Amino acid sequence: MDKKLFRSLLLLITYTVLLILAIVRLDDIQGFLWSVAGAFQPFILGFAIAFILHRPCRFFLRLYGKKLPDRASKPLAVLTSYGAMLLIITGIFAFVIPQVVDSMELFISNLNGYISHLQTWINQLVNTLDMEFLKSLDLSNLYNIIQKMGNAALDMISNAVPQLFTLTSGIISVVVTGTLSLVFSIYMLSGQEKLLAQCRSVARAYLPQKVQEPLFSVIRLSADTFTNFVSGQAVEACILGSLCFAGCVLLRFPYAPLIGVFVGVSALIPVAGAYLGAILSALLLVMISPVQALGFLIFLVILQQVEGNLIYPRVVGGSIGLPGIWVLTAVTVGGGLFGFLGMLVGVPVVSVLYTLLKGDVHQRLEEKGKGPNM
């Protein structure tokens, strides 16, 4: 047998066996990966912080570089970036969370009246439309269920910090992990040029010449895609949540801070987030007034159309190059495999793979003399 053919068959058999083993032992592989990720948690968190602060640091570096030398502008840019992050986190805890807690407390205190109002509305609907199947619907137990859920959520928010301080070992672990992550992120952010140069040197030393440039191209594409997606989604969520809050205040919808937080946080999730925020907010309003819930849904649909066609393209700087069907696929598959984190990371990962596949298909079709159809 030809040696080249034998080597190809061996590689194919090995790949098939490994693929079947990965599919059969998927849970064990995921558990192993999560355990490895837990061991490298400070490094991963530090990389995530440095990655998020990369663009703000570059902005401040260009701003300070106009008047200060590089030796002074770079540390000042890093310090300003972390100061801005700390200011945003402090603002969230100081202003947003108290408003949300107040809204939840007001909602729970008025919950009994909302349930009675909703039951009366359902009875009127049954009598008007002769809907016999709704006559057996009793919402008396709904009050106790929602009240318990609301009290549990309030207790979790109110007692989160005191409970953390009672768990000494947990606090030590959190403090150590947070401190190491912060140190890692500072080193990465301040010495990014040196780290990138070292990584390029290692790649050039150990990888073949034909692998180096494609690898660097994939890394640059991944970095740009993730940067555009993360920064765009975060800014878009803040803008959408703020506009929703302002609209609820102007239209006199109740619980405007709570609804603004719902919509803003859910906007971090592509595609599914918009529907999730709309459903949660509508369920909150329907117990007060079905008419207000309907009005809110109409307002939110208009707001999302404005946001999707005007705000999002300007904030993100254009789409990330992924058709809608693949965005939905990325969110669904990523959420099924890795939960909330998979829903967030799945879209940029699939976008990178789609861009690479699209470029390779175009190149192969051009070599064959056929026009691309993608």
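Residues numbered from 1 in each chain as written. Predicted model: local features only at pLDDT ≥ 70, side-chain atom pairs only at ≥ 80, totals over all residues. Heavy atoms only, no water.

Engineer: Any details on helix 3 (residues 41-52)? Residues and values, ideally.
Structural biologist: Between its first and last C-alpha atoms helix 3 spans 16 Å; for 12 residues at 1.5 Å apiece the expected length is 16 Å, and the two agree. Among the residues of helix 3, Pro-42, Gly-46 and Ala-50 are the ones counted as buried. Burial along helix 3 is one-sided: seen end-on, the buried residues are contained in an arc of 65°. (Helix = DSSP H or I, 4+ residues; strand = E, 2+ residues; numbered from the N terminus. Expected span 1.5 Å × (residues − 1). Buried < 20%, exposed > 50% of the residue type's maximum accessible area, 1.4 Å probe, protein only. Arc of directions from axis to C-beta.)

Engineer: So what about a positive patch on the surface? Which residues, and what values?
Structural biologist: Among the surface-exposed residues, Arg-55, Arg-58, Arg-62, Lys-66 and Lys-67 lie close enough to one another that they form a single positively charged patch. With respect to the element layout, Arg-62 can be found in helix 4 (residues 54-65). (Patch = residues over 30% accessible without salt bridge, like charges linked within 9 Å, V, L, I, M, F, W, Y side chains within 5 Å. Areas by Shrake-Rupley, 256 points an atom, 1.4 Å probe, with all protein chains shown as cover. Salt bridge = Lys/Arg side-chain N within 4 Å of Asp/Glu carboxyl O. Lys, Arg positive; Asp, Glu negative; His and termini not counted. Charge placed at Lys NZ, Arg CZ, Asp CG, Glu CD.)

Engineer: Please give an account of the packing of aromatic side chains that cites residues and values.
Structural biologist: One pass over the structure, following the stated rule, counts 6 aromatic pairs. Ring geometry for Phe-296 against Phe-299: centres 6.5 Å apart, planes inclined by 50°, an arrangement best described as tilted. Placement of the pair is Phe-296 and Phe-299 together in helix 13 (residues 290-316), with a separation of 3 residues, close to one helical turn. The exposure class of Phe-296 is buried, given its relative accessible area of 0%. Given a relative accessible area of 16%, Phe-299 falls into the buried group. What links up through ring pairs into an aromatic cluster is the set Phe-59, Phe-60 and Tyr-64. (Phe/Tyr/Trp six-rings, centres within 6.5 Å; stacked < 30°, edge-to-face > 60°.)

Engineer: How would you sum up the nonpolar core? Please name residues and give values.
Structural biologist: Core analysis: the largest hydrophobic core is formed by 23 residues, its most contacted members being Cys-244, Cys-248, Ile-259, Val-263, Phe-296 and Leu-300. Of all the elements, helix 13 adds the most residues to this core, at 5 residues. Counting residues in each nonpolar core, the second largest holds 10 residues, with Ala-50, Leu-53, Tyr-82 and Met-188 among its members. (Core = buried A, V, L, I, M, F, W, Y, C linked by side-chain atoms within 4.5 Å.)

Engineer: Describe in detail helix 11 (residues 256-266), supporting the description with residues and values.
Structural biologist: Within helix 11, 8 of the 11 residues are buried, which leaves it mostly tucked inside the rest of the structure. Turning to helix 11, its buried residues number three or more, namely Ala-256, Pro-257, Leu-258, Ile-259, Gly-260, Val-263, Gly-264 and Ser-266.

Engineer: For the side chain of Ser-81, give the residues involved together with the corresponding values.
Structural biologist: Mapped onto the elements, Ser-81 comes out in helix 5 (residues 70-109). Looking at Ser-81, the relative accessible area reads 1%, which means it is buried. A polar contact is formed between the side chain of Ser-81 and the backbone nitrogen of Cys-57, at a distance of 3.3 Å. Setting aside chain neighbours within four positions, we find Ser-81 in contact with Leu-53, Pro-56, Cys-57 and Phe-60. (Polar contact = N/O pair within 3.5 Å; in protein donor to acceptor, adjacent residues only side chain to side chain. Contact = heavy atoms within 4.5 Å.)

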